[in-house]
Amino acid sequence: MYFRIVRNDILKNKLISLATMLFIAVAAMLVSLAAILAINLSGALDTLMTKAKTPHFMQMHSGEINTSRLVNFAERNRNVDEFQVIEFLNIDGANIILGDNSMAENVQDNGLSIQSEKFDYLLDLDGNIINAREGEIYVPISYMKENIAKIGDMAAISGQKFIVAGFLRDSQMNSTLSASKRFLVNENDYNKIRNQGSIEYLIEFRLKDLSALRQFETAYATAGLEANGPTVTYTLFKMMNAISDGMMIAVILLVSALVVAIAFICIRFTLLAKMEDDYHEIGVLKAIGLPNAYIKKIYFAKYIVIAMFGSIVGFLLSLMFKSLLLENIRLYMGESENSSIALLFGIIGILLVLLAILIYVNNVLKYFKKISVAEAIRFGASQEISSGAKRFSLNRNRLFNTNIFLGMNDVLARKKLYATMLAVLVFASFIIIVPQNLYSTISSKSFTQFMGIGDYDMRIDIQQTGNISIKTDEILKKMDKDRSIANYTALTTKIFKVKMNDGTEENLKIELGDHSAFPIAYSQGNAPARENEIALSSINADEMNKKIGDAVTLVIEGKEEDFIVSGVYSDITNGGKTAKAVFTDNSSDIMWSLIIAEFSETSIVHEKISEYSSLYSYAKVSDVAEYIAQTFGSTINSVEKASYAAIGVSLFITILITLLFMKMLIAKDRTSIAIIKALGFTKSDIKLQYVSRSVVVLFIGIVLGTILANTVGEMLAGVIISSFGVDSFKFSVNPLSAYILSPLIMLFAVLIATFGGISGAGQIKISENIKG
């Protein structure tokens, strides 16, 4: 019997039933998608790093190397499982041509390697270890995605010809956030070209127990081994590989949580709308003696069917969209071994949503107890007691048309009723604005300041060469005479010993120079301004257990000197373990030098970069705008996709909920509509009253949503960003998009839905709805 009643009721109320099912389907789809993507990302990343046998500790080093001393250290250290030194042959981008594309303007440090013998394997797209034959070259997968190269292309590396035989996955350097990219060639080909570039050594270790990594880092630094370059650990490799897709998943998780909350409100709408339609029938059923529990079961059975069907549809939709969203994960990391588990977690997520919805529906259905039999049979609708309606007087109104005034006054009179629609619109505007603000922030040039990179136009890196100090001065003299440069400075990085809290010593890479010229964002404190101050990257501050005002002891020329921590900042460069200071030092060698400059006119940046590149062949000259595009491009694209999806979901919810809310209002206001029609108001008047109600609620919703998006939303986005190593974060808002286009899109959606929802208002007959 229940099945027949439910079936007939669904067929009779197709719109409300369909709307409810769609709300549940969207919520279930997003929760399922987030679970499936997160498990797949984790599984694919683990699979890649397991197959490739990613190093647990990797020290990049330029210059002379004492291999026998390293071997001796590895053999004596009880934590070491495997050890190797790999050569990475840096090739100037101008000397790399892939098909018809020159890499001259590529900001990455591109170089050649041969396949590793013990671990840190370079894999093909099937996850197999590559064995390159003579004349073949395997290209980093990011250049396949950017359509720079394809299989069968001819490649020229410093004049030597190769055929692109395939593409490789590199568990170390896959990510665009990695500053280097490895090309794989045969050992014989490598030896032929070895003298055409500068060699950088990758000193790599795998440990018996990864938990001993911190202890091993200390031992390596204490031994005074080669360290002229960034130090990167397994954890950072994992973070860099996960950041692009991880941020997209984080945005989907945020949106899915909000959509589930909206789904509850929407279900309340649909339930109340249905009850308003059935108010008279409910009164009759109660009048003939049917208990509340029996009537409740009829409605609950219907929502069990709708919720289950919506959950199934949501799961099927998640399966449809997951392939599209998994493309990037599969390309860079391969198939996940957790794919079956991911589906299970997707199902579990949907079941949790289903259970929460049914519990909520059961709670809303308690409203049956409040329905008065006499009121239901006599009026056919609930009779609300208005409050606040006397606050404004019509005869004192000079600003608004009478119908607009009546619509606005109704919102104030029935605040509790409109509060639910307001909540949905606040959430909807929040869902639209936060992902947009996140996208505009990470795509803005200023975002690099939150990641340890200042805001400038050109950077010149001088490393892997002799006489770095002399060559730096040579470029600075040229800049002194260059009138097109508005501001510039040079920063040199050196290694110093730092005393840890436990008395041990570690290597600390400190960037010396003027840090006020192109400041970065500090999560705590400020840049060092005095000679006894030092700023630490967040990773170093955490490992050293230091905060603002604490002392850091450095060993300079054999003497211990104390420095006060002035600031803490996020840094994605050089393994994230850096420091900044302004003191002068002539005791240690320069690891590398960085010259950064800002031009008086942005239009000449490209021309100047070409000029400096041709003048100083030993330096790497980069356009910072291009650097951002190439380094963060993948991450920006992922968040952009998520923001567009959020807009689509939000508009869908806005249209549907406004449509249902208006239909519920019409059902609830049948008597009052009949009365004002009897007083002479036309159909157009009535429609204008309801449109004004929607617009008033929308306006308040957008204002509140925008405020929340720029406060709570910024905080939530900061949590997402900080999980990938960026501590300080502030929105960089695009006012046109966030404050003009988004509200206009929502207004358009609300107006369409409102007109659709009130289309039946003019059909209400006076004689049928005014009863004595």
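Everything in this summary refers to the structure shown in the same document. (Residues numbered from 1 in each chain as written. Predicted model: local features only at pLDDT ≥ 70, side-chain atom pairs only at ≥ 80, totals over all residues. Heavy atoms only, no water.)

Details of the overall build of the protein chain
Note the cut-off: Each helix corresponds to a stretch of at least 4 residues labelled H or I by DSSP, and each strand to a stretch of at least 2 residues labelled E; elements are numbered beginning at the N terminus. For every residue, the accessible area obtained with a 1.4 Å probe (protein chains only) is divided by the maximum for its type, and the residue is called buried under 20%, exposed over 50%, and partly exposed between those limits. Contacts are residue-level and defined by heavy atoms, with any inter-residue pair within 4.5 Å sufficient. We get accessible surface area from the Shrake-Rupley algorithm with a probe of 1.4 Å; when it comes to residues, only the shown protein chains can shield them.
The helix and strand inventory of the protein chain stands at 22 helices and 22 strands. Looking at the protein chain as a whole, 55% of its 772 residues are labelled buried. Nonlocal contacts in the protein chain, meaning residues at least 24 apart in sequence, comprise 83% of its contacts between residues at least 6 apart. As presented, the protein chain carries roughly 33,200 Å² of accessible surface, and 57% of it is formed by carbon and sulfur atoms.

Some remarks on the pattern of salt bridges
Selection rule: Salt-bridge detection follows one rule: a side-chain nitrogen of Lys or Arg within 4 Å of a carboxyl oxygen of Asp or Glu.
Under the criterion given, the structure shown has 26 salt bridges. Of the charged contacts, one joins Arg133 and Glu136 as a salt bridge, the two residues approaching to 3.0 Å between their closest N and O atoms. Measuring nitrogen to oxygen at the nearest pair gives 2.5 Å for the salt bridge that ties Arg214 to Glu506. A residue pair is termed long-range when its members are at least 10 positions apart, and Arg214 in helix H6 (residues 213–222) and Glu506 in strand S15 (residues 505–513) qualify at 292 residues. One network of salt bridges, in which partners are shared, links Lys478, Asp482, Lys608 and Glu611.

Here's the deal with a nonpolar patch on the surface
Here is the rule we go by: Only residues whose relative accessible area exceeds 30% and that form no salt bridge enter a patch; like-charged residues are grouped when within 9 Å of one another, and nonpolar side chains (Val, Leu, Ile, Met, Phe, Trp, Tyr) when within 5 Å.
A contiguous nonpolar surface patch, about 550 Å² in accessible area, is contributed by Leu736, Tyr739, Ile740, Leu741, Leu744 and Ile745. Assignment of secondary structure puts Leu736 in helix H21 (residues 735–757).

Regarding the side chain of Asn106
What counts here: The definition of a polar contact used here is a pair of N or O atoms within 3.5 Å, where within protein one atom must be able to donate a hydrogen and the other to accept one, and adjacent residues in sequence count solely through side-chain atom pairs.
Locating Asn106 in the fold gives a position in the loop between strand S4 (101–102) and strand S5 (109–113). In this structure Asn106 comes out as buried when scored by relative accessible area, which is 12%. At 2.9 Å, the side chain of Asn106 and the backbone nitrogen of Gln108 are in polar contact. A polar contact of 3.3 Å, which involves the side chain of Asn106, links it to the side chain of Tyr143. Excluding residues that lie within four positions of it along the chain, Asn106 makes contacts with Tyr143 and Gln630.

Re the nonpolar core
Nonpolar side chains in soluble globular proteins tend to end up buried together. In plain terms, the rule: Side-chain atoms within 4.5 Å link the members of a nonpolar core, which is a set of buried Ala, Val, Leu, Ile, Met, Phe, Trp, Tyr and Cys residues.
Residues Val259 and Phe661 are the most contacted members of the largest nonpolar core, which totals 138 residues. With 26 residues, the single largest contributor to this core is helix H7 (residues 234–277). Setting aside its immediate chain neighbours within four residues, Val259 contacts Val26, Ala27, Leu30, Ile431, Val649 and Ile653. Ranked by size, the runner-up nonpolar core spans 22 residues in total, among them Leu89, Phe167, Tyr190 and Tyr201.

Looking at the packing of helix H13 (residues 415–442) against helix H17 (residues 624–668)
Definition in use: In this description, a line fitted to the C-alpha atoms serves as the axis of each element, helices being fitted only across the stretch in contact, and the angle between N-to-C directions of two axes falls anywhere from 0 to 180 degrees. Note on angle classes: values under 35 degrees are labelled roughly parallel, values over 145 roughly antiparallel, values of 65 to 115 roughly perpendicular, and the remainder oblique. In this scheme, a crossing is called left-handed if the near helix is turned counterclockwise away from the far one by less than a right angle; it is called right-handed if the turn is clockwise. Classes in brief: Ala, Val, Leu, Ile, Met, Phe, Trp, Tyr, Cys and Pro nonpolar; Asp, Glu, Lys and Arg charged; the others, Gly included, polar.
At a minimum axis separation of 9 Å, H13 and H17 run at an interaxial angle of 165°. On the basis of the axis angle, H13 is roughly antiparallel to H17. Our pair here, H13 against H17, has a crossing hand that is left-handed. Here the residues of the contact of H13 with H17 are counted per class, giving 23 nonpolar, eight polar and two charged.

Comments concerning the environment of Met662
Along the chain, Met662 falls in helix H17. Sequence spacing of Met662 and Tyr690 is 28 residues, and the spatial spacing of their C-alpha atoms is 7.9 Å. Those residues in contact with Met662, other than ones at most four positions away along the chain, are Met421, Tyr690, Ser694, Thr754, Gly757 and Ile758.

Details of the pairing of strand S7 (residues 136–140)
Formally: In short, DSSP must find at least two bridges between two strands for them to pair.
Within S7, five of the five residues are buried, which leaves it mostly tucked inside the rest of the structure. The sheet contact formed by S7 and strand S9 (residues 160–170) spans five bridges and is parallel. Its bridge partner being in S9, Glu136 is matched across the sheet by Ile163. Bridging between S7 and strand S10 (residues 180–185) involves two bridges; their strand directions are antiparallel. Looking across to S10, one finds that Ile137 is bridged to Val185.

Some words on helix H12 (residues 402–413)
Here is the rule we go by: The span one expects for a helix is its residue count, reduced by one, times 1.5 Å.
The terminal C-alpha atoms of H12, which comprises 12 residues, lie 16 Å apart, in line with the 16 Å expected from a rise of 1.5 Å per residue. Along H12, the residues that are buried comprise Asn403, Phe405, Gly407, Asn409, Asp410, Val411 and Ala413. Taken together, the buried residues of H12 touch H13 and helix H19 (683–709).

As for helix H10 (residues 339–364)
Side chains of residues three or four places apart in an α-helix project in the same direction, reflecting 3.6 residues per turn. In this model, H10 (26 residues) spans 37 Å end to end at C-alpha, consistent with the 38 Å of a helix rising 1.5 Å per residue. When we look at burial in H10, the residues that qualify are Ala342, Gly346, Gly349, Ile350, Val353, Leu354, Ile357, Leu358, Val361 and Val364.

Examining the packing of aromatic side chains
To keep it simple, the criterion reads: Stacked, edge-to-face and tilted are the three classes for Phe, Tyr and Trp ring pairs, Trp counted by its six-membered ring, which pair at centre distances within 6.5 Å; planes under 30 degrees apart are stacked, over 60 edge-to-face, the rest tilted.
For the coordinates displayed, the defined rule picks out 19 aromatic pairs. An angle of 40° between the planes, with centres 5.1 Å apart, marks the rings of Phe563 and Phe583 as tilted. Taken together, the residues span a long stretch of sequence, with Phe563 in strand S19 (residues 559–569) and Phe583 in the loop between strand S20 (579–581) and strand S21 (592–599) at a distance of 20 residues. Here Phe563 matches Phe583 in class, with each residue buried.

Section: the environment of Asn101
The topology assignment puts Asn101 in strand S4. For Asn101 and Ile148, which are 47 residues apart along the polypeptide, the C-alpha to C-alpha distance reads 6.3 Å.

A look at unusual backbone geometry
Although it is not a glycine, Ser158 sits at a positive phi angle of roughly 50°. Within the secondary structure layout, Ser158 lies in the loop between strand S8 (154–157) and S9. In this structure Ser158 comes out as partly exposed when scored by relative accessible area, which is 22%. Of note in the backbone geometry, Glu557 takes a positive phi value of approximately 55° without being a glycine. Mapping Glu557 onto the fold places it in the loop between strand S18 (551–556) and S19. For Glu557, a relative accessible area of 64% puts it in the exposed group.

Regarding the pairing of S5
If a strand is regular, its side chains alternate between the two faces of the sheet. Counting buried residues in S5 gives five out of five residues, a clear majority hidden from the surface. With burial as the criterion, each face of S5 is covered, one bearing Asp109, Gly111 and Ser113 and the other bearing Asn110 and Leu112. Of the pairings in the sheet, the one linking strand S2 (residues 80–90) to S5 comprises two bridges and is antiparallel in character. Directly across from Asn90, in S5, lies its bridge partner Gly111. Inspection of the sheet shows S5 paired to S10 by five bridges, in the parallel sense. For Ser113, the partnering residue across the bridge sits in S10 and is Leu184.

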